[in-house]
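Inside the fold
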Amino acid sequence: MYLSGHEASLDLREVVGVKAVKIPAKSSTLSFGKNAKVDENVPYCIEMQPIGPLGFSVVIITRPGNHRWRCKQVSFQCKDSSLCHQWITAIKEALKSEAFCRPKKLVVFVNPFSGKKKAVKLYRDKVLPLFELADIHVTYIETERQNHARDLLVQNSLDLKRIDGLVCVGGDGMFSEVLNGLLTFTAHDLHIEEMDRFEPVAPDIRIGIIPAGSTNTIVYTTTGTSDVVTSTLHIILGDQIGIDVNSVNVNDQFVRYSVTLLGYGYMGDLLKDSDNKRWMGPSRYSWSGTKSFLANNAYYGEIKYRLSSNSDSHPTDAVKCYSGCDICSMAGQSNSRSTSKVEISAGRDTDLQLDEQSDFMKHSNSQSSDLSGSYSDSNWRTVIGKFVAVNSVTMSCSCDLSPPGMSPYCHLGDGCMDLIMVSQCSRIEFLKFLLRTAKGEERKNLDFIQMHRVKEFSFRPLTEDSDLLSISSEENIPQSKKVKLKRQTSRTSVWNCDGEVIDQPKISVRVHCQLVKLFARGVEDPSLQDDQKRNCCSPSFDNS
Ligand SMILES: CCCCCCCCCCCCC/C=C/[C@@H](O)[C@H](COP(=O)(O)O)NC(=O)CCCCC
Ligand SMILES: Nc1ncnc2c1ncn2[C@@H]1O[C@H](COP(=O)(O)OP(=O)(O)O)[C@@H](O)[C@H]1O
Ligand SMILES: [Ca+2]
């Protein structure tokens with residue numbers, strides 16, 4: 001917004017709402033009269049000329065810092081109540097324009113047990129008044145059990161075709177439920193069966209998240225902070241951003257979609273241990289994280305991954321994903337071209353036979369030879385090893401515990417995930433990895449870490465007799481060593497899939513570029529001025 005002389009120009013893109021107010025005689029407000037006009041040459045701006053008494057307030061957003069947004073009232077006086085009413089109506093009508101993509105009807109799911117169990121109060125005190133100000137009609141649902149929201153969505157009990165978006169007040173687990181429900185409903189609605197290597201369909205409606213959970217990584221990664229008011233304002237302004245979604249298969253059967261972390265070993269053990277400690281609230285993760293750290297377990301496994309075809313893009317390339325990110329925009333454009341027809345993506349055509357050159361090493365830095373021939377895509381690689389952690393993230397996974405995130409240069413919508421493999425290492429080494437992750441410090445010189453930007457991957461634990469040869473350098477393994485190896489390989493971990501435990505270790509995962517849209521715009525580049533942030537970042541206006 002800018003004020004110059006007796007005129008005020010408000011950028012309607014950043015208006016939250018408008019309401020009639022009584023303006024005290026001495027208030028420092030602007031007023032306007034009949035000469036006020038909507039300037040059609042300056043999109044989204046209304047110019048107001050000052051005159052008489054009575055008034056209304058326009059509530060706009062401000063950026064006090066650290067990616068947080070707040071509201072500010074700008075009050076105007078009118079010379080009579082009829083003119084005041086006309087202005088309120090004109091602004092409300094302008095905000096309803098399709099060009100703004102602002103939601104008018106939302107279904108809000110609140111998980112009363114999220115995080116510190118304050119979701120209901122947060123919603124009532126901070127979110128609802130803003131939705132009311134923005135004239136958003138809300139259907140409110142307090143969840144009564146796990147999968148309540150998911151079931152309502154899959155059964156289409158909410159008439160999704162008549163609403164503009166779903167909002168979940170809770171954590172990443174609650175979002176995951178809503179995401180899975182929405183995608184499954186969308187597939188079923190088109191009679192598509194969710195099975196091995198099917199192509200999921202993008203839903204028409206957006207999802208918003210109000211952070212009230214334990215980790216809140218999706219909110220943090222898509223807005224730059226975990227703040228209830230900021231997220232509410234992104235929803236009201238009608239922000240939209242496409243984010244990548246994974247489909248996860250267990251034993252070649254589709255099981256669920258994920259958007260944040262898939263973690264085996266450390267992250268899986270941590271989650272499993274924390275699951276029956278929900279009463280501890282968010283601190284359950286620190287407690288179980290410390291336990292898993294002290295256990296220092298490592299697990300044998302084979303990972304096959306398909307590298308991104310863009311060799312310039314890498315988890316350590318130092319290219320941050322900011323609002324209006326070029327890499328995501330390009331990926332989104334080519335994705336919308338390729339999904340205009342039903343596409344069967346290139347994939348594995350035969351089962352991989354272990355490459356005889358793939359040799360187990362302590363830090364499994366030995367990538368096996370290029371497996372072209374075994375796969376229809378020569379970007380496939382295989383790694384065999386003993387891992388403390390295998391993590392795959394589809395977004396950076398910034399959160400309070402790690403503001404830069406698990407993979408700071410991961411992109412929200414590039415159609416790729418970052419695979420981070422931590423080979424067996426000492427506790428000191430692993431602590432170094434965790435601390436560097438928490439602070440966003442360089443990890444590429446840690447020789448027990450491998451990081452790749454990939455399109456899909458599969459993992460299988462090495463538990464079979466036939467696997468022993470591949471993890472031993474000896475051709476004839478002595479009986480005593482065989483027994484020891486058998487004991488070690490029989491131990492498996494579980495997967496942490498967006499905070500849900502997947503017990504079966506053998507999984508395969510594919511990423512689907514920008515499959516769902518959130519009410520968010522990505523993190524605004526802090527080096528930009530406010531007006532640059534306003535102009536660069538809102539994808540909904542690029543389309544209008
Ligand atoms: C010694 C310092 C330790 C620093 C740890 C550094 C690593 C932090 C990476 C964070 C990745 C977060 C990935 C997000 C996962 C969430 O989807 C999941 C569910 O969230 P919610 O439903 O809100 O509970 N959260 C977790 O799995 C917990 C991760 C805890 C990491 C310590
Ligand atoms: N009323 C409820 N009772 C118990 N569990 C619920 C309820 N509503 C949702 N859930 C489940 O709680 C889990 C965690 O929710 P979430 O909002 O992510 O909180 P947190 O971030 O604290 O883990 C989700 O998997 C969700 O399915
Ligand atoms: Ca991505």
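You'll find the structure just up there.
The following refers to the structure shown. Just so it is clear, the structure is predicted and the values come from calculations on it, not from any experiment. (Residues numbered from 1 in each chain as written. Chains lettered and ligands numbered in written order. Predicted model: local features only at pLDDT ≥ 70, side-chain atom pairs only at ≥ 80, totals over all residues. Heavy atoms only, no water.)

**A look at the overall build of the chain**
Applied cut-off: Here a strand is any run of E in DSSP of at least two residues, a helix any run of H or I of at least four, and the numbering for each starts at the N terminus. When a residue's accessible area, from a 1.4 Å probe over protein chains only, is under 20% of the maximum for its type it is buried; when over 50% it is exposed; and in between it is partly exposed. The contact rule is simple, with two residues in contact once any of their heavy atoms fall within 4.5 Å. The Shrake-Rupley method, run with a 1.4 Å probe, gives the accessible areas here. Residue values count only the displayed protein chains as cover.
Broken down by element type, the chain carries 14 helices and 22 strands. Taking all 544 residues of the chain together, 55% fall into the buried category. Here the contacts in the chain between residues at least 6 apart in sequence split such that 76% fall between residues at least 24 apart. For the chain, the exposed surface amounts to about 24200 Å²; the carbon and sulfur share of it is 49%.

**A look at the side chain of Arg381**
The test is simple: Within 3.5 Å is the distance limit for a polar contact, defined as a pair of N or O atoms, with the added protein rule that one can donate a hydrogen and the other accept it, and that residues adjacent in sequence qualify only through two side-chain atoms.
Residue position: Arg381 is located in strand S17 (residues 380–393). The class of Arg381 is buried, set by a relative accessible area of 17%. Within polar-contact distance, the side chain of Arg381 engages the backbone oxygen of Ser378 at 3.2 Å.

**Description of helix H6 (residues 228–236)**
The buried fraction of H6 amounts to nine of the nine residues, a majority that puts the element mostly inside the structure. Turning to H6, its buried residues are Val228, Val229, Thr230, Ser231, Thr232, Leu233, His234, Ile235 and Ile236. Count one or two residues on from H6 and you reach Gly238, which has phi positive near 80°.

**Digging into the coordination of the calcium ion (ligand 3)**
Stated precisely, the cut-off is as follows: Counted as coordinating are nitrogen, oxygen and sulfur atoms within 2.8 Å of the metal, or 3.2 Å for Na, K and Ca, while water is not included, which may make sites look incomplete.
For the calcium ion (ligand 3), the full set of protein donor atoms is Asp244 (OD), Thr394 (O), His411 (O), Asp414 (OD) and Cys416 (O), and the range of their distances to it is 2.2 to 2.6 Å. Mapping the donors of the calcium ion (ligand 3) onto the primary sequence gives the spacing D-x149-T-x16-H-x2-D-x1-C. Of the two residues, Thr394 is situated in the loop between S17 and strand S18 (417–423) and Asp414 in the loop between S17 and S18; the sequence distance between them amounts to 20 residues. The burial state of Thr394 is the same as that of Asp414; both residues are buried.

**A look at the pattern of salt bridges**
Rules: Every case where a carboxyl oxygen of Asp or Glu lies within 4 Å of a side-chain nitrogen of Lys or Arg is listed as a salt bridge.
Enumeration according to the criterion identifies 25 salt bridges in this entry. The partner of Asp275 in a salt bridge is Arg278, and the shortest N-O contact between them spans 3.7 Å. A relative accessible area of 43% means that Arg278 is categorised as partly exposed. Here Arg453 ties to Asp418 by a salt bridge, and the two come within 2.8 Å at their closest N and O atoms. Pair noted here: Arg453 is in strand S19 (residues 449–461) and Asp418 is in strand S18, with a separation of 35 residues, a long-range link. Residue classification places Asp418 among the buried residues on the basis of a relative accessible area of 0%. One network of salt bridges, in which partners are shared, links Glu14, Arg63, Asp239, Arg521, Glu524 and Arg534.

**Quick notes on the packing of aromatic side chains**
Our working rule: Aromatic rings from Phe, Tyr and Trp, taking only the six-membered ring of Trp, are treated as a pair when their centres fall within 6.5 Å; an angle between ring planes under 30 degrees marks them as stacked, one over 60 as edge-to-face, and anything in between as tilted. Sitting over a ring, as applied to charges here, requires NZ of Lys or CZ of Arg to be within 6 Å of the ring centre and within 35 degrees of the ring normal.
Applying the stated criterion to the full structure yields 13 aromatic pairs. With a centroid separation of 6.1 Å and 45° between ring planes, the pair formed by Phe457 and Trp495 is classed as tilted. With Phe457 in strand S19 and Trp495 in strand S20 (residues 495–497), this pair connects stretches of sequence that are 38 residues apart. With relative accessibility at 1%, the residue Phe457 sits in the buried group. One aromatic cluster is present, formed by Tyr264, Tyr299, Phe457, Phe459 and Trp495 through successive ring pairs. Residue placement shows Arg284 over the ring face of Tyr285; its charged tip is 4.4 Å from the ring centre.

**Quick notes on the nonpolar core**
Note the threshold: Definition used in this section: a nonpolar core is a set of buried Ala, Val, Leu, Ile, Met, Phe, Trp, Tyr and Cys residues joined via side-chain atoms within 4.5 Å.
Phe109 and Leu166 are the most contacted members of the largest nonpolar core, which has 62 residues in total. Top element by residues in this core is helix H4 (residues 172–189). It accounts for seven residues. Sequence-distant contacts of Leu166, defined by excluding residues within four places in its chain, comprise Val107, Phe109, Leu153, Leu160, Val178, Leu182, Ile205, Arg206, Ile207, Gly208 and Phe519. Val108, Ala134, Ile136 and Ala212 belong to the second largest nonpolar core, which has 27 residues in total.

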